Amino acid sequence: MSCRGLLGILTSGCPETFQSFQESQQGVQEQREQEEQGGQQFHGDQHQKIQEVEEGDVSVVPIGAGHFIYNNGNNRLIAVSVIHIGNDANHLDFQPRRFYLSGSPQNEFQQQGSPEESSGKNVFTGFDVERLSEAFKVEAELIRKLKGENDRRGNIVRAEEKEACRRCYRKGDKISSRKMLKQNIGDPTRADIYTPLGGRISALTAFDLPILKGIVKLSARRSFLYKGAVLLPHYDMNAHSIIYAIRGIANFQIVQNQGRTVFHDVVTAGQVIIVPQNFALMVKAGDTGFEFVAIKTDENGMINTLAGNLSLLWALPVKAIATAYQISEEQAKELKFNRIEVSIAPGRFRTESAN
């Protein structure tokens, strides 16, 4: 995610642990005193936790939970969303499905030949006005608003009372961390791999975020490459990778298991690349550096590197390398030991222009 915003994750049946007030601080204090003395009813708003999100955050929305994202800043808020339709909780087919509580969004996952699913309505649209009026105990006119009969705004709308949303968060910010659902992999100090003049990599697995284990079954790696740096050739052992280019430009080479090049092209910010399991990938950053996030389809995505320290070649005896490639032992030593970095080979110059 770039910039900042607020994320609400909603689970039916969980307590509303937030209390928000629209009055002044003085009015809030007076109301609290009155409630303590006379047991008066709370007149503000109560809702579930809202957390602040920032660049580098990975947030998990549990299966069946509702959620919303609010951009409370002055810049664009970009979020990359991945739906894992292969998890054990999906008892339908492999066509993604999700419903909206409000608005009249278009169906993002429309399949060719399925016009009946292309209109895009919120979930209340299919219910009878009279029955919904009875269920919510409100007037029919309000139910028509709920159904969004004349709402054509789609799934992204503009909030008119920005400050009210900010107050909702700040009133409960001391208890809104929700570390069980969020981890940041954009912080340079959190890097799992760092190469001077080369870049850094941060990984997020079920060991870091337990909800990924057995429920979401996804993991992530965020890579930042400096100018001219090379992400050494590697392949995913137990997962596919969905790569989203965040910033910069880079040259991608993807090779399948039989050595055939299946992709060799320039990738720029905003593009998505799919790398199947056991397909080898190598990336060279451009003049402005390159940053991307890779979502892995396993809760503990693992890779094997083909060059550099800890690679498969480092595990082989020099004589075995010399025999396999019909080279001298001296050449085999160069092939094995010349690249001492683990995953990223440095470029000539370091740049923070893509950070």
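See the structure shown above.
Computed from a predicted structure; not experimentally measured.

Chemist: Can you break down the overall build of the chain residue by residue, with the values?
Modeler: Along the chain, the regular secondary structure elements total seven helices and 17 strands. Counting every position in the chain, which comprises 355 residues, the buried fraction comes to 37%. At a minimum sequence separation of 6, the contacts of the chain that also span at least 24 residues come to 70%. For the chain, the accessible surface area stands at approximately 21500 Å², while carbon and sulfur atoms represent 51% of it.

Chemist: Residue-level account of the packing of aromatic side chains, with values.
Modeler: In the structure shown here, the tally under the stated rule is five aromatic pairs. Considering the side-chain rings of Phe224 and Tyr226, the 5.3 Å spacing of their centres and the 75° angle between planes classify their relative orientation as edge-to-face. This pair shows no difference in class: Phe224 is buried, exactly as Tyr226 is. Considering the side-chain rings of Trp314 and Phe337, the 5.2 Å spacing of their centres and the 80° angle between planes classify their relative orientation as edge-to-face. Of this pair, Trp314 sits in helix 5 (residues 312-315) while Phe337 sits in helix 7 (residues 329-337); the two residues are 23 residues apart in sequence, bridging distant segments of the chain. Members of the aromatic cluster, connected to one another through ring pairs, are Phe252, Phe290 and Phe292.

Chemist: Could you give an account of the nonpolar core, naming the residues involved and the relevant values?
Modeler: Taken as a class, soluble globular proteins show a tendency for nonpolar side chains to be buried jointly. If you look at the biggest cluster of nonpolar residues, it comprises 20 residues, and the most contacted ones within it are Leu225, Leu231, Ile243, Phe252, Leu281, Val283 and Phe290. Elements with a minimum of two residues in this core: strand 12 (241-255), strand 14 (272-275) and strand 15 (280-296). Counting residues per element, this core draws most heavily on strand 15, at six residues. Not counting residues within four places of it along the chain, the set of residues in contact with Ile243 comprises Phe252, Gln271, Val272, Ile273, Val275, Leu281, Phe292, Val293 and Ala294.

Chemist: Tell me about the packing of helix 2 (residues 129-136) against helix 3 (residues 140-147), and name the residues and values.
Modeler: Here helix 2 crosses helix 3 at 105°, and the two axes come no closer than 9 Å. By the angle between their directions, the pair helix 2 and helix 3 is classed as roughly perpendicular. On helix 3, the residues touching Val129, Leu132, Ser133 and Phe136 of helix 2 are Ala140, Ile143, Arg144, Leu146 and Lys147.

Chemist: I'd love a proper account of helix 2, names of residues and values included.
Modeler: Each α-helix turn comprises 3.6 residues. Residues three or four places apart therefore point the same way. Taken together, the buried positions of helix 2 are Val129, Leu132 and Ser133. Angularly, the buried residues of helix 2 cover 105° about the axis, an arc narrow enough to put them on a single face. Opposite the buried face of helix 2, by more than 90 degrees, sit the exposed residues Glu130, Arg131, Glu134 and Ala135.

Chemist: Explain the environment of Gly199 to me, using residue names and the numbers behind them.
Modeler: Along the chain, Gly199 turns up in strand 9 (residues 199-204). C-alpha of Gly199 to C-alpha of Leu225: the two residues are 26 residues apart in sequence and 4.5 Å apart in space. Apart from the residues within four sequence positions on either side, Gly199 is in contact with Ile193, Tyr194, Phe224, Tyr226 and Ile344.

Chemist: Would you mind going over the pattern of salt bridges in detail, with residue names and values included?
Modeler: Here the structure, examined in full by the defined rule, presents 11 salt bridges. Residue Arg4 is joined to Glu52 by a salt bridge in which the shortest nitrogen-to-oxygen separation is 3.9 Å. Of this pair, Arg4 sits in strand 1 (residues 4-10) while Glu52 sits in strand 4 (residues 50-54), and the two are 48 residues apart along the sequence. The class for Arg4 is partly exposed, based on a relative accessible area of 43%. Across the salt bridge formed by Arg222 and Glu55, the nearest N and O atoms sit 3.2 Å from each other. Note that Arg222 is positioned in strand 10 (residues 219-225) and Glu55 in the loop between strand 4 and strand 5 (57-59), a separation of 167 residues in sequence.

What counts and what doesn't
- Residues numbered from 1 in each chain as written.
- Predicted model: local features only at pLDDT ≥ 70, side-chain atom pairs only at ≥ 80, totals over all residues.
- Heavy atoms only, no water.
- Helix = DSSP H or I, 4+ residues; strand = E, 2+ residues; numbered from the N terminus.
- Buried < 20%, exposed > 50% of the residue type's maximum accessible area, 1.4 Å probe, protein only.
- Contact = heavy atoms within 4.5 Å.
- Areas by Shrake-Rupley, 256 points an atom, 1.4 Å probe, with all protein chains shown as cover.
- Phe/Tyr/Trp six-rings, centres within 6.5 Å; stacked < 30°, edge-to-face > 60°.
- Core = buried A, V, L, I, M, F, W, Y, C linked by side-chain atoms within 4.5 Å.
- Axes fitted to C-alpha atoms, helices over the stretch in contact; angles between N-to-C directions.
- Parallel < 35°, antiparallel > 145°, perpendicular 65-115°, else oblique.
- Arc of directions from axis to C-beta.
- Salt bridge = Lys/Arg side-chain N within 4 Å of Asp/Glu carboxyl O.

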